[in-house]
Amino acid sequence: MTTIEKPRPAAVPEPTGRLAGLAPHARTLRVLGGVLTVVGTYLPWATFVLNDGPYPEQSTLEFFTVPYGVTGFRLHLLLFGIAAIVLALAAVPAKGRMIRALGVGVIAISVVNGLYIVGEGGGLGAITVADGVAFGAIVALIGGVLLVVGANAGGIEPQPVWNWRLNPWVERALLVVVVVVLLLLVAAVLTSGGQGGSGYAGGVFLSFLAAVGAAIAALSASGLLAWVTALTERHRLYSVALLLAAALLLPLTSAGTEYWMTVAATIGVYAATAIGLNIVVGLAGLLDLGYVAFLGIGAFVAANLSGAAASTIGITLPFPLVMVIAAIIAGIFGAIVGSPTLRVRGDYLAIVTLAFGEIFVRSAQNNIGGLTGGSNAIPNIPPVSLFGTDFNEGVEIGALELPPGFLYYVLIVLIISAVMVVFANLKFSRLGRAWIAIREDEDAARAMGIRTGPIKILAFLIGAMLAGLAGAFYAHKLGTVSYESFRFLESVTLLAAVILGGMGTIPGAVLGASVLFVLPEKLREFSEYRLLLFGIALVLIMRFRPQGIVPDAHRRAELAPETDPAIVAAEEKVAAEAKGEKS
Amino acid sequence: MTDAILNATGVTMRFGGLTALNDVSFSLTEGEVIGLIGPNGAGKTTLFNCLTGLYSPTAGEVALRGKQLPEDPAKVTELGVARTFQNIRLFPSMTAEENVLVGRHCRMKQSPFSSLLHGPGFRRSEAEALTRSAELLEFVGLTRFSDELARNLPYGDQRRLEIARALATDPSVLLLDEPTAGMNAQETEATRRLILSIRELGVSVVVIEHDTKFIFTLCDRVLVLVQGELLVEGTPDEVRGDPRVVEAYLGAPPEEVEAQIHAGEQTP
Ligand SMILES: Nc1ncnc2c1ncn2[C@@H]1O[C@H](COP(=O)(O)OP(=O)(O)OP(=O)(O)O)[C@@H](O)[C@H]1O
Ligand SMILES: [Mg+2]
């Protein structure tokens, strides 16, 4: 370590309102919350042996058969509980902030597992005191609530800022570790709970997601995540290369089966599309409610040029060329849809795009021009075939056997990378600044010499091209293209992915798309509640984190509460400057 | 006038039944600073909007160097007329530097392809724009805030940033709408000096202001707009002494207002 700077002394804000009275007991509450969480872990969670999934040994009186040994969600709870106790007693900066994150995690884990055991197990008896002991979920839940209350009662400190500088090579090595952990974490989240649809699969997945989310939130609260982010910025190209390598290595992890490769490729399609939408919505600030139509146009173009029996155009073109054509045609439609932006703004534009999306779906449903197959869809699209290899087959590289779907996965990783480069390059350019200026204040942008009409149409055109590109991939990967995949709901989901992840950022769009398109896969037994859960998640995010999960540095300032360290720092700087000015 | 750079002839603007501007004509000479004063609602901002293409006048025309200006703010700016706004209209979640870079937009030679590919041409044009923005931020004294979000800047500095952003479009005419509103005496004086040094750069300036002392000490010529009509036009001394101005402008007995104007009192 070459330089260590102490974090800014964090002034703990006084809690106000109802919690003010609890302030003297904050530490007690925190410790008690941690202890109850640990106790809850060791209590039985069901009064009988559950006969499905990984739950049996973890939800019964395991303590008496395997002393101290807990696995699965109870292990997560145990770790969180111990971490909370340690944090409550130790002198750690921002401990209230971290304990709050852990507490929310404990609540989420106990609610998810409690509900699952009740729902899938034997009814309410599973967590009542019917047979004397089975109320682990309730105790852990109370522990979680106490943690949150205790954290708030003691005051939530601003997030500390660390400015450690290490030897550049140590920093690079550290980044490798971080990326490897990230890779394993992604693989673990993706595969946790197994393929959706059976018994407790959804519960295991949700519980694990909550655990990982809470752990990351706690790390973020400690300021370590921000420090790692600063590290990646110091080694920009290196980090990008590492991430790309990690993405390509995913097939070597536990996620390296045909099923998970297919899920990952599907997520990839929506992630690429969401990045395209992010140009229109996140950068240029134009609300597009029919965006998925461009994915559809790309897919139908590719389907018609694939040589599938159902396509009326009898020509077959090589895939790279098909991608280009699909992108161009989608782009042309994008420009057409964008042209009303010359006249209408805001809500009216949203309605125009909504109408376009609807026109597309209806036309495709009616097999317009014989190009979309109507309700029969266009089935049996042959797989992508390059260099004499069909992409739907497994490959063997020496001793390494890679599952079918691996090649598609690699292809979509490359497509997403390309889309990211497009987005990032444009964002930091004359064009990107013009888009952001239009988003911020269209009249002022015009007064600054920006010809807003063509610039807005360009946003639609480029966004649509990226979706068209993803569409071409989608057609071949799925093998079937039907109008049903491009309805209003999909547009809304994509939009939600962008908003949820964080407007105007790449990781935000990717994360948002991953979450929103993995969930239905994992929670198949809840397909009828999908929209409900989706809505609840959105409302919660907008309530507690309006700037999205990974906010844009600029937008964060706009929407985040006053505790955001970047803003606090900025305000202090301004205040200091102003003071210097006066004296 | 041969060296007139901006000419407005018979500009009339009606909003339904309200005539905000009635047959306003004036010309701005190269290198001149004109002050535009008048009571609230006189139509000063409306005149700026007509000059910059934000409004299309009901009648009359505006010409820059003898060429009629288009009715598109972006094109007007490209031709060399830049402005600031009475109610500050920066891009709040962009940094100060980015705000000025946006002002550079119409002077940058960077096609969308170049934006996409980040080739050598891109780097050249970005470097040029960054250098220019840095110069301008220094010119208005905001270098230390260049990475700060515009929204976080103190009020007076936001007004300066708006001026820097307008200057980034390389204007030959700069229209400033109440550049010292909300500033203290010290900041107002700094702004006065800033406008004088802008004139040194060869830019002609029109300033709207309520602070008469500011206008009379800064401007070469003063226009008085009352209820949409150009009432008086002349040097600060002529305008200050004109009884019509004194009466129509403040609607009070001449002596009182006279005293007020000389005292340099600000109207709200
Ligand atoms: N877009 C518009 N639609 C209708 N009326 C308008 C519009 N813009 C301005 N007006 C009216 O025109 C008149 C002149 O307004 P303007 O804003 O030009 O006054 P001003 O001289 O700039 O006043 P102030 O000193 O308060 O800024 C006012 O009566 C105003 O209400
Ligand atoms: Mg005005």
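Residues numbered from 1 in each chain as written. Chains lettered and ligands numbered in written order. Predicted model: local features only at pLDDT ≥ 70, side-chain atom pairs only at ≥ 80, totals over all residues. Heavy atoms only, no water.

So, on to the sheet that holds strand β10 (residues 229–234) of chain B. Residue and element names in this part refer to chain B. Strands sit in the order β6-β7-β8-β3-β9-β10 across an open sheet of six strands; the sheet is mixed. Strand pairing shows two members of the sheet lacking a second neighbour, β6 (81–83) and β10, which therefore form its edges. Put simply, the sheet's adjacent strands are angled 20 degrees from each other on average, direction ignored. In terms of strand pairing, β6 meets strand β7 (residues 173–177) through three bridges, oriented parallel. Counterpart to V81 in the pairing with β7 is V173. Helix α1 (residues 44–51) contacts β3 (33–37), β6, β7, β8 (204–208) and β9 (221–226) of the sheet and is inclined by roughly 150 degrees relative to β7. Across the sheet, helix α6 (residues 155–167) touches β6 and β7, and the angle it forms with β7 is around 160 degrees. (Pairing = 2+ DSSP bridges. Helix = DSSP H or I, 4+ residues; strand = E, 2+ residues; numbered from the N terminus. Axes fitted to C-alpha atoms, helices over the stretch in contact; angles between N-to-C directions. Contact = heavy atoms within 4.5 Å.)

Right, let's talk about the packing of aromatic side chains for a bit. Evaluated as defined, the whole model comprises twelve aromatic pairs over all chains. Between Y270 of chain A and Y474 of chain A, the aromatic rings sit 6.5 Å apart at their centres with planes inclined by 75 degrees, giving edge-to-face as the arrangement. Of this pair, Y270 of chain A sits in helix α11 (residues 258–283) while Y474 of chain A is found in helix α18 (residues 452–478), placing the two residues 204 residues apart along the sequence. Residue Y270 of chain A shares its accessibility class with Y474 of chain A, and that shared class is buried. Grouping aromatic residues by their ring pairs yields a cluster made of Y270, F300, F360, Y474 and F486 of chain A. Looking at R89 of chain B, its charged tip hangs above the ring of F85 of chain B, at a distance of 5.3 Å from the centre. In this structure, R165 of chain B is placed above the aromatic ring of F91 of chain B, and the distance from its NZ or CZ to the ring centre is 4.7 Å. (Phe/Tyr/Trp six-rings, centres within 6.5 Å; stacked < 30°, edge-to-face > 60°. Buried < 20%, exposed > 50% of the residue type's maximum accessible area, 1.4 Å probe, protein only. Lys NZ or Arg CZ within 6 Å of the ring centre and 35° of its normal.)

All names here are of chain A. Considering every residue of chain A, the mean pLDDT works out to 81; 83% of them sit at 70 or more. Per-element confidence in chain A is highest for helix α16 (residues 430–440), whose mean pLDDT is 94, and lowest for helix α2 (residues 56–59), whose mean pLDDT is 46. Long-range and interchain partners of residues 56–64, a stretch whose pLDDT sits below 50, account for 26 contacts in this model, where long-range means more than four residues apart. Contacts of residues 555–567 to residues separated by more than four positions or lying in other chains number 24 contacts, the stretch itself having pLDDT below 50. (pLDDT = per-residue confidence, 0-100.)

This part covers the site of ligand 1. Residue and element names in this part refer to chain B. Taken together, 14 residues form the shell around ligand 1, and within it G41, K44, T45, T46 and Q86 come nearest. Taking Y55, its side chain carries an N or O atom lying 3.0 Å from a nitrogen atom of ligand 1. Contact between ligand 1 and Q86: an oxygen atom at 2.8 Å from a side-chain N or O atom of the residue. Expressed as a share of its isolated accessible area of 630 Å², the protein-covered part of ligand 1 is 65%. (Near = heavy atom within 4 Å. Polar contact = N/O pair within 3.5 Å; in protein donor to acceptor, adjacent residues only side chain to side chain. Areas by Shrake-Rupley, 256 points an atom, 1.4 Å probe, with all protein chains shown as cover.)

Attention now goes to the nonpolar core. By size, the foremost hydrophobic cluster in this structure holds 105 residues, and its most contacted members are W435, F473 and F486 of chain A. Among the elements that make up this core, the one with the highest residue count is α18 of chain A (13 residues). When neighbours within four sequence positions are excluded, F486 of chain A is seen to be in contact with V292, L295, G296, A299, F300, F360, V361, Y474 and V481 of chain A. Grouped together as the second largest cluster of nonpolar side chains are 38 residues, A82, A164, F214 and V224 of chain B included. (Core = buried A, V, L, I, M, F, W, Y, C linked by side-chain atoms within 4.5 Å.)

Residues and elements named next belong to chain B. The protein atoms donating to the magnesium ion (ligand 2) are T45 (OG1) and Q86 (OE1), with metal-donor distances spanning 1.9 to 2.1 Å. Remark: Q86 occurs in the loop between β6 and α3 (96–104) and T45 occurs in helix α1; sequence separation between them is 41 residues. Residue class for T45 comes out partly exposed when judged on its relative accessible area of 24%. Given the relative accessible area of 31%, Q86 is considered partly exposed. (Donors = N, O, S within 2.8 Å, 3.2 Å for Na, K, Ca; no water.)

This part takes up the interface of chain A and chain B. Facing 33 residues of chain A, the contacting portion of chain B comprises 39 residues. In total, chain A and chain B occlude about 3400 Å² of area from one another, counting both sides; carbon and sulfur atoms represent 59% of this. Taken together, the connections running from chain A to chain B amount to four salt bridges. The salt bridge partner of R89 of chain B is D443 of chain A, with a shortest N-O separation of 3.5 Å. Broken down by secondary-structure element, the contributors of at least two residues to the side of chain A that touches chain B are α15 (406–427), α16, α17 (442–447), α18, α22 (553–559) and α23 (565–582) of chain A. The residue makeup of the side of chain A that touches chain B, split by class, is 17 nonpolar, four polar and twelve charged. (Buried area = accessible area lost by both parts, 1.4 Å probe. Salt bridge = Lys/Arg side-chain N within 4 Å of Asp/Glu carboxyl O. Nonpolar A, V, L, I, M, F, W, Y, C, P; charged D, E, K, R; others polar.)

This part takes up the domain arrangement of chain A. All names here are of chain A. Domain boundaries in chain A define domain 1 (13–231), domain 2 (261–392 + 402–522) and domain 3 (532–574). Taken residue by residue, the interface counts ten residues in domain 1 and six residues in domain 2. For the pair domain 1 and domain 2, the interface holds zero salt bridges. On the surface where domain 1 and domain 2 come into contact, there are zero residue pairs in polar contact (both at pLDDT 80 or more). Class assignment for the residues of the side of domain 1 that touches domain 2 results in four nonpolar, six polar and no charged. (Domains from an automatic or database assignment.)

What follows deals with α11 of chain A. Residues spaced three or four apart along an α-helix point in a common direction, a consequence of the helix completing one turn every 3.6 residues. All names here are of chain A. Taking 1.5 Å of rise per residue, the 26 residues of α11 would be expected to cover 38 Å, and the 36 Å separating its terminal C-alpha atoms lies within 8% of that figure. Taking the largest bend as the criterion, α11 deviates by roughly 35 degrees, centred on L277. G285 sits one or two residues past α11 and shows a positive phi near 70 degrees. (Expected span 1.5 Å × (residues − 1). Bend = angle between axes of the 7 residues up to and from the residue.)

So, about the pairing of strand β4 (residues 59–64) of chain B. Residue and element names in this part refer to chain B. Where strand β1 (residues 4–15) meets β4, five bridges bridge the pair, whose relative direction is antiparallel. Residue pairing in the sheet places A8 in a bridge with V62 of β4. Judged from the two bridges that link them, β4 and strand β5 (residues 67–68) form a sheet pairing that is antiparallel. Note that in β5 the partner of L64 across the bridge is K67. Hairpin connection of β4 to β5: two residues between the antiparallel strands, including R65 at a positive phi of 50 degrees.

Read from one edge to the other, the open sheet built from four strands follows the order β2-β1-β4-β5 (chain B), with strand pairing classed as antiparallel. Of all the strands in the sheet, the pair left with one neighbour each is β2 (18–29) and β5 of chain B.

On to the pattern of salt bridges. All chains considered together, the criterion is met by 23 salt bridges over all chains. A salt bridge links R89 of chain B to D441 of chain A, with the nearest nitrogen and oxygen atoms 2.9 Å apart. One end of the pair, R89 of chain B, is in the loop between β6 and α3; the other, D441 of chain A, is in the loop between α16 and α17, on a second chain. Accessibility expressed as a relative area gives 23% for R89 of chain B, which makes it partly exposed. With a shortest N-O distance of 4.0 Å, D157 of chain B and R160 of chain B are connected by a salt bridge. One end of the pair is D157 of chain B and the other is R160 of chain B, both in helix α6 and three residues apart, which spans about a single turn. Accessibility assignment for this pair places D157 of chain B and R160 of chain B in one class, buried. Linked through salt bridges whose partners overlap, the residues forming this network are R104, E128, R132, E135 and D170 of chain B.

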